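Chains, contacts and geometry: an overview
Residues per chain, in single letters:
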Amino acid sequence: MTAYQKTSGKVIVAVDGHAASGKGTMARSLAEALNLAYLDTGSLYRAVGVAVLRAGGDPARDADAVRAAESLDLTKFSRDDLRSEAAGGAASTVAAIPGVRAALLEFQRRFAYQPPQNKAGAVLDGRDIGTVICPDADVKIFVTASLEARVERRIKELRAGGQAVIDARVRDDMIARDARDSGRSVAPMVAAADAWVLDTTTLDAGQVLAQAKAFIARKLSR
Ligand code: DC
């Protein structure tokens with residue numbers, strides 16, 4: 001594994017948190033507002049999960065998942081392929097396999113430490129950015145919200161995308177996903193000790209972004 005060092009003057013913002021907590025929307029808007037590069041690391045795990053399913057494999061089987069992770073070509077996936085509930089479930093399953101995480105580590109670190117287009121830094125969102133990928137990130141934010149709020153948001157999002165939705169099923173899937181993401185032995189979803197925890201249960205996207213921007217401004221002015 002290549003060791004990366006933070007280049008002075010570059011900023012790394014690590015955004016971790018629960019599914020449907022609003023972290024993706026917030027991280028993307030933050031990157032745009034601060035003119036930083038943005039990486040949605042969940043899309044890497046989703047792409048691996050979808051590749052396994054397309055090949056007729058089993059996302060829980062190490063060999064199938066690691067093979068897909070090692071030959072990952074993100075240009076083969078559209079955003080629609082990756083946003084489905086099936087992709088999310090498969091992603092969460094392959095994400096528990098150490099060989100999959102190892103195969104995706106280098107790409108994420110390089111992105112963070114050598115952001116594309118020579119940007120002044122990068123925002124990465126995921127589950128283990130502040131703990132494993134970039135433990136030395138300048139800013140760490142852990143985004144969460146109540147289960148009910150997250151289920152409601154996910155249902156709205158799926159309906160808006162034209163998908164048929166059974167509410168109870170979305171809730172069950174969310175509970176299963178939380179348990180898998182937090183309970184796995186390798187790089188479990190957990191707030192870094194030095195992360196700021198942002199609860200978005202009662203906030204809209206604009207308020208979430210404003211709070212995150214204010215936190216970053218305070219943190220970087222120290
Ligand atoms: O953020 P998301 O819902 O697109 O992520 C899909 C799954 O991928 C999530 O359930 C867990 C996994 N994941 C991970 O384990 N580590 C990351 N850094 C990002 C996502």
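For the structure, see preceding data.
Scope of this entry: the structure provided in the associated data block. Not measured: the values here are computed from a predicted model.

Parameters at a glance
- Residues numbered from 1 in each chain as written.
- Predicted model: local features only at pLDDT ≥ 70, side-chain atom pairs only at ≥ 80, totals over all residues.
- Heavy atoms only, no water.
- Buried < 20%, exposed > 50% of the residue type's maximum accessible area, 1.4 Å probe, protein only.
- Helix = DSSP H or I, 4+ residues; strand = E, 2+ residues; numbered from the N terminus.
- Contact = heavy atoms within 4.5 Å.
- Near = heavy atom within 4 Å.
- Polar contact = N/O pair within 3.5 Å; in protein donor to acceptor, adjacent residues only side chain to side chain.
- Areas by Shrake-Rupley, 256 points an atom, 1.4 Å probe, with all protein chains shown as cover.
- Nonpolar A, V, L, I, M, F, W, Y, C, P; charged D, E, K, R; others polar.
- Phe/Tyr/Trp six-rings, centres within 6.5 Å; stacked < 30°, edge-to-face > 60°.

1. Things to note about helix H3 (residues 62-70)
Three or four residues apart is the spacing at which side chains of an α-helix point the same way, because the helix has 3.6 residues per turn. Those residues of H3 lying buried are Asp64, Ala65, Val66, Ala68 and Ala69. Of the surrounding elements, those touching the buried residues of H3 are helix H2 (42-54), helix H5 (85-94) and helix H6 (98-113).

2. Some words on the site of the ligand
In the vicinity of the ligand, 16 residues are found, and the nearest of them are Arg46, Arg101, Arg127, Asp181 and Arg184. Within the side chain of Arg127, an N or O atom sits 2.9 Å from an oxygen atom of the ligand. Within the side chain of Asp128, one N or O atom sits 3.0 Å away from a nitrogen atom of the ligand. Protein coverage of the free-state accessible area of the ligand, which is 440 Å², stands at 98%. The set of elements that each furnish at least two residues to the shell around the ligand consists of H2, H5 and helix H9 (167-183). Residue composition of the shell around the ligand, grouped by class: 3 nonpolar, 4 polar and 9 charged.

3. Some remarks on the packing of aromatic side chains
Geometrically, a pair of aromatic rings is defined through the distance of the ring centres and the angle of the planes. Evaluated as defined, the whole model comprises 1 aromatic pair. Between the aromatic rings of Trp196 and Phe215, the centroid separation amounts to 4.4 Å while the plane-to-plane angle is 10 degrees, which identifies the pairing as stacked. Highlighted residues: Trp196 in strand E5 (residues 196-199) and Phe215 in helix H10 (residues 205-220), separated in sequence by 19 residues. Under the relative-accessibility criterion, Trp196 is labelled partly exposed at 22%. Look at Phe215 and you get buried, because its relative accessible area is 10%.

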